[in-house]
Amino acid sequence: MIKIAQFGEGNFLRTFVDYYFDNLNKEGNDYGVSIIKPIQFGTLDKFHAQNNIYNVILRGMAFGKAVEEVYKIESVKEVIDPFNEIEKFYSLAKDEELKIIVSNTTEAGICFNKKDRIDGFENVTYPAKLTKFLFERFKANLSGVYLMPVELIDNNADELYRCVDGYIKLWGLPKEFKEWNDKENFYCNTLVDRIVSGYPRDEKTKEHLTKLIGYEDNLMTVGEPFGLWVVEDKGDIAKYIQSGYHGIEIILTKDIKYYKKRKVRVLNGSHTNIVPAGLWLGKHTVDEVMNDKVLYDFLDNTLKEEIIPFVSDNIEETTDFANSVIERFYNPYLNHQLTSILLNSISKWKARDLPSFKDYYQYNGKIPTYLTKGFCYLLAIYSSVYKGDDGKYYVDLPNRKIELVDDKPYLEYFANGGDMAKFIKNESVWGEDLSQYKDFERVVVTGVKDIKNGKNIL
């Protein structure tokens, strides 16, 4: 058996990673996942009650049709609570069959704390626990493993290695252990992509899915059909991680940067650019946006003319990905609220849309039409913000009132009547003065004025 130590028992890992290994087992392989509870909070009682078996329900659009499919997951072989089963935890570290370590401890989970002690466990970081785990494996004279964190940070495995190496130095562990960690363990950066909503929140959906499964499952978890796992190709990882389609698409690559750029610009960038316009025009969810012809055409033109051409030279591959993104946006089951996506949109537009904007401008010598219009709707919303009696910030859209959540200085700036032109020029916000792009300031100021006067500028 090929064993996987999995730090985390949450919905995403179970709907993505454990689902993948379960698919490999159904293809005739032998993988076994050992789930490790990474924090003291919570229990593993539901796993024990169900003998670690649960169901994944994939709901969404596939090949133009709405689908709901149930998959029984049996790849989880054991669950470990290291806070009460420390010997079991270290026993797994010394298991020769262990080849892979996966983690999802949230973006804040991969961090280094110089106050962590080697004799501590409950109150130390995940990388500190991992260092102790790997040290036990080293002392047992065993070979290294492949570490595949799926936390949503750039270069997640590189950052994890930096933390582990930091604890080796902080705790004065043997230089032989550092050499073993550097040579034997392969820290593989990853990119994951699947929307997971988890356990159903409303009783109606829960009853419907229970009927689909055929029995009550307190561990059921819901995700979309689309799944992509890009893994940095190091060592002999291809022996353990099989590429191709296995319920999700697996890509082993020496260069993960293209896939990261593609996801951020195509999926996240188009999301961020369409949401303010969708909200202003009265939509509530992403699928409502997709079913509005004007908004759909706006999204489609943004992708085809201003995003896809500047992701890579492989236009065909990027276009195929964009088509899959459009199908995912149509998913009627996700109920993906535009207000949720609007969260922290200033920094999101800077990270996700400004790079495409700049590439277009550099290539064409003029500002992009659709990204600029999306920016106009964004500033129409932000420049309308006001502070409520409850201390929160709100915007009165043409059809409803919404709460606006972002960094307080941005909200305060506009709530206090801040000048839009100055905000466009603010280098501390955008990293540069956006008025340097010819006509941008004029078009945005005019566009925002037109929007607030009731004009649809799309």
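Note that the structure is a prediction, hence the values are computed from the model and not measured.

About the thresholds
- Residues numbered from 1 in each chain as written.
- Predicted model: local features only at pLDDT ≥ 70, side-chain atom pairs only at ≥ 80, totals over all residues.
- Heavy atoms only, no water.
- Helix = DSSP H or I, 4+ residues; strand = E, 2+ residues; numbered from the N terminus.
- Rg over C-alpha atoms; globule rule 2.2 N^0.38 Å.
- Buried < 20%, exposed > 50% of the residue type's maximum accessible area, 1.4 Å probe, protein only.
- Contact = heavy atoms within 4.5 Å.
- Areas by Shrake-Rupley, 256 points an atom, 1.4 Å probe, with all protein chains shown as cover.
- Lys, Arg positive; Asp, Glu negative; His and termini not counted.
- Charge placed at Lys NZ, Arg CZ, Asp CG, Glu CD.
- Arc of directions from axis to C-beta.
- Pairing = 2+ DSSP bridges.
- Disulfide = S-S within 2.5 Å.
- Phe/Tyr/Trp six-rings, centres within 6.5 Å; stacked < 30°, edge-to-face > 60°.
- Lys NZ or Arg CZ within 6 Å of the ring centre and 35° of its normal.
- Salt bridge = Lys/Arg side-chain N within 4 Å of Asp/Glu carboxyl O.
- Axes fitted to C-alpha atoms, helices over the stretch in contact; angles between N-to-C directions.
- Core = buried A, V, L, I, M, F, W, Y, C linked by side-chain atoms within 4.5 Å.

Asker: It is not clear to me how the overall build of the protein chain should be interpreted in this structure. Could you clarify?
Answerer: The secondary structure content of the protein chain amounts to 19 helices and 17 strands. Taking 23 Å as the expected radius of gyration for a compact globule of 458 residues, we find that the protein chain reaches 24 Å, a close match to that expectation. Across its three principal axes, the protein chain shows a C-alpha extent of roughly 70 × 55 × 50 Å. Split into buried and exposed, the 458 residues of the protein chain put 54% on the buried side. Pairs at least 24 apart in sequence give 73% of the contacts found in the protein chain among residues at least 6 apart. As displayed, the protein chain has an accessible area near 20,600 Å², and 47% of this comes from carbon and sulfur atoms. One way to put it: in the protein chain the 60 positive side-chain charges average out to a point 3 Å from where the 70 negative ones average out.

Asker: Looking at this structure, I do not really get helix α14 (residues 354-364). What am I missing?
Answerer: Note on helix geometry: an α-helix contains 3.6 residues per turn, so any two residues three or four positions apart are oriented the same way. Within α14 the residues assigned to the buried category are L354, S356, F357, Y360 and Y361. In an axial view of α14, the angular spread of the buried residues amounts to 160 degrees, which keeps them on one side of the axis. Along α14, the residues that are exposed and aim more than 90 degrees away from the buried face are Q362 and Y363. Close packing links the buried residues of α14 with α8 (257-280), α10 (293-307), α13 (345-352), α15 (369-382), α18 (427-430) and α19 (440-452).

Asker: What is the right way to look at the pairing of strand β9 (residues 190-193) in this model?
Answerer: One face of the sheet, then the other: side chains in a regular strand alternate in exactly this way. Judged by which residues are buried, β9 turns out to be covered on both faces: T190 and V192 on one side and L191 and D193 on the other are all buried. Pairing analysis gives four bridges linking β9 to strand β12 (residues 228-232), with the strands arranged antiparallel. In the strand pairing of β12, T190 is matched with V231.

Asker: Help me out: how do you make sense of the sheet that holds strand β13 (residues 244-245) in this one?
Answerer: Across a sheet, strands are paired by hydrogen bonds formed along the backbone, either parallel or antiparallel in direction. If you walk across this open sheet you meet the four strands as β9-β12-β14-β13, and the pairing is mixed. In the strand order of this sheet, the two ends are held by β9 and β13, each with one partner.

Asker: Quick question: what am I supposed to make of unusual backbone geometry here?
Answerer: Where the residue is not glycine, phi is negative for most of them; where a peptide bond is considered, it is trans in most cases. Phi is positive for N52, close to 65 degrees, though the residue is something other than glycine. Take N52: it is sitting in the loop between α2 (45-49) and β3 (54-62). Its relative accessible area of 8% is what places N52 among the buried residues. Here D439, not a glycine, exhibits a phi torsion of approximately 75 degrees, which is positive. Residue D439 is classed as partly exposed on the basis of its relative accessible area, which comes to 35%.

Asker: So what exactly am I meant to see when it comes to the state of the cysteines here?
Answerer: Disulfide: a covalent bond connecting the sulfur atoms of a pair of cysteines. All chains considered together, the criterion is met by zero disulfides. Distance from the sulfur of C111, which forms no disulfide, to the nearest cysteine sulfur (C163) is 6.5 Å. Using a relative accessible area of 29% as the deciding quantity, one classes C111 as partly exposed.

Asker: Even after reading the chapter, I still don't get the side chain of S75, so can you show me in this structure?
Answerer: Relative to the elements of secondary structure, S75 occurs in the loop between β4 (65-73) and β5 (76-80). When near neighbours in sequence (up to four residues on either side) are disregarded, S75 contacts D18, F21, D22, N25, Y31, G32 and V33.

Asker: When you look at the environment of F133 in this model, what are you seeing that I'm missing?
Answerer: Following the sequence through the fold, F133 ends up in helix α4 (residues 126-139). Under the relative-accessibility criterion, F133 is labelled buried at 0%. On a C-alpha basis, the gap between F133 and A93 in space is 5.8 Å, while along the polypeptide they are 40 residues apart.

Asker: What is the right way to look at the packing of aromatic side chains in this model?
Answerer: Where two aromatic rings form a pair, the distance of their centres and the angle of their planes describe that pair. This model, assessed by the stated rule, comprises 43 aromatic pairs. Ring geometry for Y20 and F21: centres 5.0 Å apart, planes at 55 degrees, overall tilted. Ring pairs connect the aromatic residues W349, F357, Y361, F375, Y410, Y413, F414, F423, W430, Y437 and F440, which therefore count as one cluster. The cationic tip of K401 hangs over the ring face of Y394; the distance from NZ or CZ to the ring centre is 4.4 Å.

Asker: Looking at this structure, I do not really get the pattern of salt bridges. What am I missing?
Answerer: Side-chain pairs of opposite charge can arise whenever the charged atoms involved come near each other. Summed over the entire model, instances satisfying the criterion amount to 26 salt bridges. Across the pair E97 and K3 runs a salt bridge whose closest N-O atoms are separated by 3.7 Å. With E97 in the loop between α3 (86-93) and β6 (98-103) and K3 in strand β1 (residues 2-7), this residue pair connects regions lying 94 residues apart in the sequence. Owing to a relative accessible area of 33%, E97 belongs among the partly exposed residues under this scheme. Residue D165 is joined to K169 by a salt bridge in which the shortest nitrogen-to-oxygen separation is 3.1 Å. In this pair, D165 and K169 are both assigned in helix α5 (residues 156-170), four residues apart and thus about one turn of the helix distant. Assessed through its relative accessible area of 57%, K169 is described here as exposed.

Asker: So what exactly am I meant to see when it comes to the side chain of K263 here?
Answerer: Structurally, K263 can be placed in helix α8. In this view, K263 contacts L191, V192, D193, N268 and F321; residues no more than four positions away in its chain are not counted.

Asker: What exactly am I supposed to notice about the sheet that holds strand β11 (residues 221-223) here?
Answerer: With mixed pairing, four strands are arranged side by side in an open sheet as β4-β3-β11-β10. Of all the strands in the sheet, just β4 and β10 (196-198) have a single pairing partner and so form its edges. The sheet shows a mean angle of 20 degrees between the axes of neighbouring strands, taken without regard to direction. In this structure, β3 lies alongside β4, joined through nine bridges in antiparallel fashion.

Asker: It is not clear to me how the nonpolar core should be interpreted in this structure. Could you clarify?
Answerer: Nonpolar side chains in soluble globular proteins generally cluster together in the buried interior. Core analysis: the largest hydrophobic core is formed by 70 residues, its most contacted members being F375, L379 and F440. The dominant element in this core, judged by the number of residues it contributes, is α15, at ten residues. Aside from chain neighbours lying at most four places away, what touches L379 is F414, M420, F423, I424, V444 and V448. By size, the runner-up hydrophobic cluster in this structure holds 36 residues, among which are L13, V17, F21 and L24.

Asker: Can you help me understand the environment of I168 in this one?
Answerer: With respect to the helices, strands and loops of the structure, I168 is situated in helix α5. Sequence separation between I168 and V17 is 151 residues; the distance between their C-alpha atoms is 29 Å.

Structural measurements only, silent on function.
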